[in-house]
Amino acid sequence: MSSSRTAQAASGRAERAHDTREAILDAAERLFAERGVGEVSNRQIGQAAGQANNFAVGYHFGTKADLVRAIVRRHTAVTEERRLRMLAEIAEPGDPRDWIACLVRPATGQLDALGVPSWRARCLAQFDTVPALRQIVVDESVAAPSMGRALEGMFRLLPDLPEEVHRERGDMSRLLVVHTLAERERALHEGEQGARTGWEATAIGLIDALAGLWLAPVSARALPG
């Protein structure tokens, strides 16, 4: 076989492998969103992706944790680009809401671009119910350089918070964002009408809520013990 034919064959295999991986990711997102992570096997994902080989998911992605990591990373480049553009427009030190918007709008913008129905937000919400998978999502989010810059900018403008309050509000923020996005995705999929079902309105509502959460005063607390 000539070198050109060899190259063409390799390119064709790579394209087919890419298409198979995308089909598996599509199927996994939908099934995890609908049923939960623990209720879905690799075989079911493969069948939904049109794969006759029961080991296709493991072949292309490895373990379930590797598959989850691939799903989380699937749109990272797009959201990173969106966030970097927003960060470039902030005149330091900025306003807390400017930095909070950088945490919210890249996600809502990406979900809007995916159209209806999408499954990503509900899939990520299912990951949040499994501690090991939740940690993968958290680690991948923190690893994004733009996310670190947005958080640093926001924290510089906040009053000093006790460490335990900082952690508590961080957990609250994650839960609020993850599950609000999942609920809005569901509402759009099911055709519900309302002021807060569109992604732009959702972004505004989340920014308002997060600003209120992080800027709220800290009440005195009794020491444990």
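Definitions and cut-offs
- Residues numbered from 1 in each chain as written.
- Predicted model: local features only at pLDDT ≥ 70, side-chain atom pairs only at ≥ 80, totals over all residues.
- Heavy atoms only, no water.
- Axes fitted to C-alpha atoms, helices over the stretch in contact; angles between N-to-C directions.
- Helix = DSSP H or I, 4+ residues; strand = E, 2+ residues; numbered from the N terminus.
- Left-handed = near helix turned anticlockwise from the far one by under 90°.
- Contact = heavy atoms within 4.5 Å.
- Nonpolar A, V, L, I, M, F, W, Y, C, P; charged D, E, K, R; others polar.
- pLDDT = per-residue confidence, 0-100.
- Buried < 20%, exposed > 50% of the residue type's maximum accessible area, 1.4 Å probe, protein only.
- Core = buried A, V, L, I, M, F, W, Y, C linked by side-chain atoms within 4.5 Å.
- Salt bridge = Lys/Arg side-chain N within 4 Å of Asp/Glu carboxyl O.

This brings us to the packing of helix α4 (residues 64-73) against helix α8 (residues 131-143). Contact geometry of α4 with α8 gives a least axis separation of 10 Å together with a crossing angle of 35 degrees. The chirality of how α4 crosses α8 is right-handed. Contact with α4, carried on its side by Ala65, Val68, Arg69, Val72 and Arg73, involves Leu133, Ile136, Val137 and Glu140 of α8 and no other residues of that element. Considering only residue class, the contact of α4 with α8 consists of 6 nonpolar, no polar and 3 charged.

The predicted model of the protein has a mean per-residue pLDDT of 90, with 91% of residues at 70 or higher. The spread of mean pLDDT over the elements of the protein runs between helix α1 (residues 3-35), the lowest at 82, and helix α7 (residues 120-127), the highest at 97.

Our focus in this paragraph is the side chain of Arg122. Mapping Arg122 onto the fold places it in helix α7. Taking the relative accessible area as the measure of exposure, Arg122 reaches 14% and is therefore buried. Not counting chain neighbours up to four residues away, the residues in contact with Arg122 comprise Ala33, Ala182, Glu185, Arg186 and His189.

Nonpolar side chains in soluble globular proteins tend to be buried together. Counting residues in each nonpolar core, the largest one holds 26 residues, and the members touching the most others are Leu87, Ile100, Val104, Met154, Leu181 and Trp214. Put simply, the parts of the chain that give this core at least two residues each are α6 (96-114), α9 (145-156), α10 (163-189) and α11 (199-215). When residues of this core are assigned to their parent elements, the largest contribution, 8 residues, is made by α11. The residues touching Met154, leaving out its near neighbours within four places in the chain, are Trp99, Ile100, Leu103 and Trp214. Listed in part, the 24 residues of the second largest apolar core include Ile24, Leu25, Trp119 and Ile136.

What follows covers the pattern of salt bridges. In total, this model carries 18 salt bridges according to the counting rule given. Ionic pairing is found between Glu140 and Arg69, a salt bridge with its closest N-O pair at 3.7 Å. Highlighted residues: Glu140 in helix α8 and Arg69 in helix α4, separated in sequence by 71 residues. Across the pair Glu92 and Arg156 runs a salt bridge, and its minimum N-O distance is 2.8 Å. Separated by 64 residues along the polypeptide, Glu92 in the loop between α5 (76-88) and α6 and Arg156 in helix α9 bring together distant segments of the chain. Accessibility classification places Glu92 together with Arg156 in one group, the exposed group.

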